[in-house]
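Spelled out from the first residue to the last, the chains are:
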Amino acid sequence: MTSTTNAAQARAAAAQVVAQVVAGRYLDRALEEQRAQCRSEDAALIQELAYGTLRWYHRLSGIAKLFLTRPLKSKDADIHALLLIGLYQLRHMRVANHAAVDVTVGATEVLNKGWAKGLINACLRAALRESARIEETIATNDNLRYSHPAWLIAAVRQDHPQTWQRILDANNERPPLTLRVNTQRTTRADYLAQLTAQGLAAHAHPWVESALVVETPVPVEKLPGFSAGLVSVQDAAAQLAAIWLDAQPGERVLDACAAPGGKSAHILERTPAIAELTALDVDADRVERLRAGLARLQLNARTLVGDAVEPSAWWDGTPYDRILVDAPCSATGVVRRHPDIKVRRQADELAQLTDTQARILDGVWPCLKPGGKLLYVTCSLLRAENERLIQDFMQRHPDAVSEALVSGESDSAERQLLPGEDEMDGFYYAGLRKT
């Protein structure tokens, strides 16, 4: 099999991934399935093409419309995705223009749609010729300029009127590889030295004590001591959950939406002398992943499959000193890590998400002992899921008062981190104390 054929197959595989995501599937799951069917040496290329095309999906779709004489039929979603992949290569990859066109055209045969050869060829070559027209169109259309859906641009602009443009631009950047050092097994300085010895440049995060940022992302298999549990992959903003929950020795802790388990693991690494950690999640498959992650790190927790909304089904009646609610959310603060969010997420889902968040908070609040602390977390940028939701909760529960995120700071009961801020993802935190 020639290298040209292999290259065309990689483009076809990436097009199938993109088409599945547009139809509603999660990017990671679609990629995992495709990689299992392709050559291992093509996996990185397929991932780059799929992630990159989805990151710039709205811009690339706008460009494609300039050159398509009529919309493609729904049964040809893979051809539309392939066209976008071709445009992505021309605009964002170091692939020679003629090679990008040729292998993308060749991928139509792999998809058993040879009829689309002429269409793909004509559109890509027109895009090369009419670059000025493309740039003019981008400059006059916010959907193309920021490569976000219109509803999300409007929502971010409304909630962050001073920073919305910077937020949208940050969402289109490639995220850093940030590590959480297992301080029960090593120190951050010692692990940084191990990375340096392996030729991996990294630096300590400026204010998250357990975090290291690797200059050039690498597969976890190349991280020294990963399989032995010395380190985990976790964004610095997510690492603040265990720090700001601030569990103390002898306390009972509930992680109410725990899977895939990074925050539970960090709590145990940071405070190994807690009396018990209950790691709860409604998804059985994700709980299995959580257990595997704890096993790699040689940590122990009480892991349960259960719904935080209905504690009567799993709670033993003994109140918790600390509760972490890392609520399911729109994930609008982690778009740079999950670009499929911009394609899959719809505006009408927000009401259901906020209802679920409110029900989870109402469900676990009786499980918190008087004087106990609850930390509410989302990776959302939208006030409906964050500030407004907490305000509504406190109105429903007069025994809930604001609690400083950091002990001793009276004016920091909540914090909205923006994507790209100090090399972090977008997260919201709010502290509550039960009186």
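Up top is the structure these notes are about.
Summary of the structure given here. (Residues numbered from 1 in each chain as written. Predicted model: local features only at pLDDT ≥ 70, side-chain atom pairs only at ≥ 80, totals over all residues. Heavy atoms only, no water.)

1. Some details on the overall build of the protein
No. 1: Helices and strands together make up the secondary structure of the protein, namely 18 helices and 12 strands.
No. 2: Taken against the 2.2 N^0.38 rule, which gives 22 Å for 435 residues, the C-alpha radius of gyration of the protein at 23 Å falls within 12% of a compact globule.
No. 3: Once the C-alpha set of the protein is aligned to its principal axes, its extents read approximately 70 × 50 × 40 Å.
No. 4: Counting only contacts in the protein whose residues sit at least 6 apart along the sequence, the fraction spanning at least 24 positions is 72%.
No. 5: Total accessible area on the protein is roughly 18,800 Å²; 49% of this is exposed by carbon and sulfur atoms.
No. 6: Separation between the mean location of the 49 positive side-chain charges and that of the 53 negative ones in the protein comes to 5 Å. (Helix = DSSP H or I, 4+ residues; strand = E, 2+ residues; numbered from the N terminus. Rg over C-alpha atoms; globule rule 2.2 N^0.38 Å. Contact = heavy atoms within 4.5 Å. Areas by Shrake-Rupley, 256 points an atom, 1.4 Å probe, with all protein chains shown as cover. Lys, Arg positive; Asp, Glu negative; His and termini not counted. Charge placed at Lys NZ, Arg CZ, Asp CG, Glu CD.)

2. Some remarks on the nonpolar core
No. 1: By size, the foremost hydrophobic cluster in this structure holds 49 residues, and its most contacted members are Leu27, Leu31, Leu54, Phe67, Leu83, Leu87 and Leu124.
No. 2: Only α1 (3-22), α2 (27-37), α3 (43-55), α4 (57-67), α5 (77-92), α6 (97-110), α7 (117-129) and α8 (131-139) provide two or more residues apiece to this core.
No. 3: Once residues within four sequence positions are removed from consideration, Leu54 is found in contact with Val18, Val21, Leu27, Pro339, Asp340, Lys342 and Val343. (Core = buried A, V, L, I, M, F, W, Y, C linked by side-chain atoms within 4.5 Å. Buried < 20%, exposed > 50% of the residue type's maximum accessible area, 1.4 Å probe, protein only.)

3. Some remarks on the packing of α6 against α7
No. 1: As a packed pair, α6 and α7 sit with axes 9 Å apart at the nearest point and diverge in direction by 160°. Taken together, α6 and α7 sit at an angle that is classed as roughly antiparallel. The two elements α6 and α7 meet at a crossing, and its hand is right-handed. Contacts between α6 and α7 involve Asn97, Val101, Asp102, Thr104, Val105, Thr108 and Glu109 from the first element and Lys117, Ile120, Asn121, Leu124, Arg125 and Leu128 from the second.
No. 2: For the contact of α6 with α7, the residue count by class is five nonpolar, four polar and four charged. (Axes fitted to C-alpha atoms, helices over the stretch in contact; angles between N-to-C directions. Parallel < 35°, antiparallel > 145°, perpendicular 65-115°, else oblique. Left-handed = near helix turned anticlockwise from the far one by under 90°. Nonpolar A, V, L, I, M, F, W, Y, C, P; charged D, E, K, R; others polar.)

4. A look at the side chain of Thr104
No. 1: Looking at where Thr104 falls in the secondary structure, it is placed in helix α6.
No. 2: Among the residues examined, Thr104 registers a relative accessible area of 0% and is labelled buried.
No. 3: In this view, Thr104 contacts Arg11, Leu82, Gly86, Gln89, Ile120 and Leu124; residues no more than four positions away in its chain are not counted.

5. Description of the side chain of Asp255
No. 1: The residue Asp255 is located in strand β5 (residues 252-255) in this model.
No. 2: Here Asp255 sits buried without a salt bridge, and the closest side chain of opposite charge, Lys263, lies 7.4 Å off (N-O distance).
No. 3: For Asp255, the side chain forms a polar contact with the side chain of Ser264, separated by 2.6 Å.
No. 4: Apart from residues lying up to four places away in sequence, Asp255 is in contact with Lys263, Ser264, Leu277, Thr278, Ala279, Leu280 and Leu324. (Salt bridge = Lys/Arg side-chain N within 4 Å of Asp/Glu carboxyl O. Polar contact = N/O pair within 3.5 Å; in protein donor to acceptor, adjacent residues only side chain to side chain.)

6. Regarding the pairing of β5
No. 1: Here β5 shows a buried face lined by Arg252 and Leu254 and a second buried face lined by Val253 and Asp255.
No. 2: Here β5 pairs with strand β6 (residues 276-281) via four bridges, running parallel. Each residue of the ladder has a partner; that of Asp255, found in β6, is Ala279.
No. 3: One crossover worth recording links β5 to the parallel β6 by way of helix α14 (residues 262-270), and it is right-handed.
No. 4: With three bridges joining them, β5 and strand β8 (residues 320-326) adopt parallel strand pairing. Along β8, the bridge assignment pairs Asp255 with Leu324. (Pairing = 2+ DSSP bridges. Right-handed = clockwise from strand over helix to strand, strands pointing away.)

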